[in-house]
Amino acid sequence: MSEAELVLRSRRVITPEGTRAASVAVAAGKITAVLPYDAEVPAGARLEDFGDDVLLPGLVDTHVHVNDPGRTEWEGFWTATRAAAAGGITTLVDMPLNSLPPTTTVENLRVKQDVARDKAHIDVGFWGGALPGNVKDLRPLHEAGVFGFKAFLSPSGVDEFPHLDQEQLARSLAEIAGFGGLLIVHAEDPHHLAAAPQHGGPKYAHFLASRPRDAEDTAIANLIAQAKRLHARVHVLHLSSSDALPLIREARAEGVAITVETCPHYLTLTAEEVPDGASEFKCCPPIREAANQDLLWEALADGTIDCVVTDHSPSTADLKTDDFATAWGGISGLQLSLSAVWTEARRRGHTLEDVVRWMSERTAALVGLDAKGAIAPGRDADFAVLAPDATFTVDPAELQHRNRVTAYAGRTLHGVVRSTWLRGRRIVADGEFTEPRGRLLTRHP
């Protein structure tokens, strides 16, 4: 404690060893010690006592579409990182689309970094993109510090980011495996999508039928086969089909290096409750039935699904029309993800320690951010302070997202984020923000 500049104290601190009353010492933006609750505070150190509010590690969201530059009217680094901070997220990794240009060359990465540098309220890293024609760009992007590469196996929704067919997937995956990189995959099979009924219009049941589970299952099976053959590391994005879980379990048992994420909307919203015409609920793959959701929760509990991320994919309100076929597919969830997941997790008998494992520890591990994801000596002093039993009703007008369209409007959620801290400095408390203090992160060499 002698070196502490700041001491954060709570009767409930979530550490890798469990939840306990503790005092967390901070100096130079790092955690220096986790000590007993009543440890003496050294002279000159500032004490912040949170009482019964929970001190947990800042969340790490590895799946965010910031859309900046090029589609900044959809979101942007300033608004996205404020929304994240308001929700207890202290690190995000930005997807290579839907910005213009996409992050598919080192030059395009530099453009995005330049835009983000002075606007980031939290720490920001970047994914690269794997396209049909950019295999030559993958190693340079890896060496420039992207955390891995995003690929689609079906149309992405934007022309500048085409999907990979199976031959192109094999070429990209072989290149990435050659330098020990990670491929993260939107896994829906285009042939199954093309064969599905395409009614259009406002009925959610018609949209759900147009994105069948077997499109996910087939794409994941093909991805597993490629990863096994090439000894490659792969990650399945935004899993919604519980039917794919046996494939994933079998692949792991055979030694395939595969990890899996799901999203708050798949864990908290169900197809049965989506009103017709309510395209704020549209995403791809879609929100499925309650029985499917139960199986996703079981897979989280047994470790088949590794982590939970937002897949925050906003757009302007005018693109959220009442026609599910043509409306933009994406759900905005950065500010609400912790509270949404915690609300359902507590109902199902899970703990805040579980939520921290899914949304901070494992997401940090996925991208190799060993300074994030835990309250432990040597880690960055990134924290969220949560009142877990307090509730609030979601009012879109109070969100920090640029476009305040949300599938959670009117819902009462448990868990109020009282404040968020980045490297030992409070960056938001009670809706008041500091100036941007985030850093741009790169993969460790």
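The preceding data block contains the structure.
The shown structure was predicted, so the numbers you read here are calculated from the model rather than taken from an experiment.

Caption draft 1: Representation of the nonpolar core within the structure. Counting residues in each nonpolar core, the largest one holds 98 residues, and the members touching the most others are F149, L183, L239 and V355. Here this core gets six residues from one element, more than from any other, and that element is helix α1 (residues 77-86). Setting aside residues up to four positions removed in sequence, L183 forms contacts with A130, F149, A151, L169, L173, I176, R233, V234 and H235. L8, V24, I31 and W421 belong to the second-largest nonpolar core, a separate cluster that totals 15 residues.

Caption draft 2: View of the packing of helix α7 (residues 213-230) against helix α8 (residues 245-253). Taken N-terminus to C-terminus, the directions of α7 and α8 make an angle of 10°; their axes are 10 Å apart at the nearest point. By the criterion of interaxial angle, the relationship of α7 to α8 is roughly parallel. Seen from α7, the contacting residues are D217, I220, A221 and I224; seen from α8, they are L247, I248 and A251.

Caption draft 3: Molecular detail of the packing of aromatic side chains. All told, the structure shown has nine aromatic pairs when counted by the stated rule. Arranged with centres 6.1 Å apart and planes meeting at 75°, the rings of F50 and W421 form a pair that is edge-to-face. Of this pair, F50 sits in the loop between β4 (46-49) and β5 (54-57) while W421 sits in strand β16 (residues 412-422); the two residues are 371 residues apart in sequence, bridging distant segments of the chain. Relative accessible area serves as the criterion here: at 13%, F50 is assigned to the buried category. What links up through ring pairs into an aromatic cluster is the set Y204, F207 and F324. In this arrangement the basic side chain of R82 is found over the ring face of F433, its NZ or CZ atom lying 4.0 Å from the centre.

Calculation notes
Sequence order as written defines the numbering, with residues in each chain counted from 1. pLDDT decides what is reported in this predicted model: residues at 70 or higher carry local features, side-chain atom pairs at 80 or more are listed and counted, and totals for whole chains, interfaces and linings draw on all residues regardless. Only hydrogens and water are removed before side-chain values are computed, so all heavy atoms of the structure are retained for them. Grouping buried Ala, Val, Leu, Ile, Met, Phe, Trp, Tyr and Cys residues that are joined through side-chain atoms within 4.5 Å yields what is termed a nonpolar core. Partly exposed describes any residue whose relative accessible area lies between the buried limit of under 20% and the exposed limit of over 50%, with all areas from a 1.4 Å probe on protein chains only and scaled to the type maximum. Labels follow the DSSP assignment, with helices taken as runs of H or I lasting at least four residues and strands as runs of E lasting at least two, numbered in each case from the N terminus. Residues are treated as being in contact if the distance between any of their heavy atoms lies within 4.5 Å. The convention used is that axes are lines fitted to C-alpha atoms, helices contributing only their stretch in contact, and that angles between N-to-C directions extend from 0 to 180 degrees. Orientation is classified from the angle alone, with under 35 degrees giving roughly parallel, over 145 giving roughly antiparallel, 65 to 115 giving roughly perpendicular, and any other angle giving oblique. By convention, a stacked pair of Phe, Tyr or Trp rings (six-membered ring in the case of Trp) has centres within 6.5 Å and planes under 30 degrees apart, an edge-to-face pair has planes over 60 apart, and any other such pair is tilted. Charges are assigned to positions over rings by a cutoff of 6 Å between ring centre and Lys NZ or Arg CZ, combined with an angular limit of 35 degrees from the ring normal.

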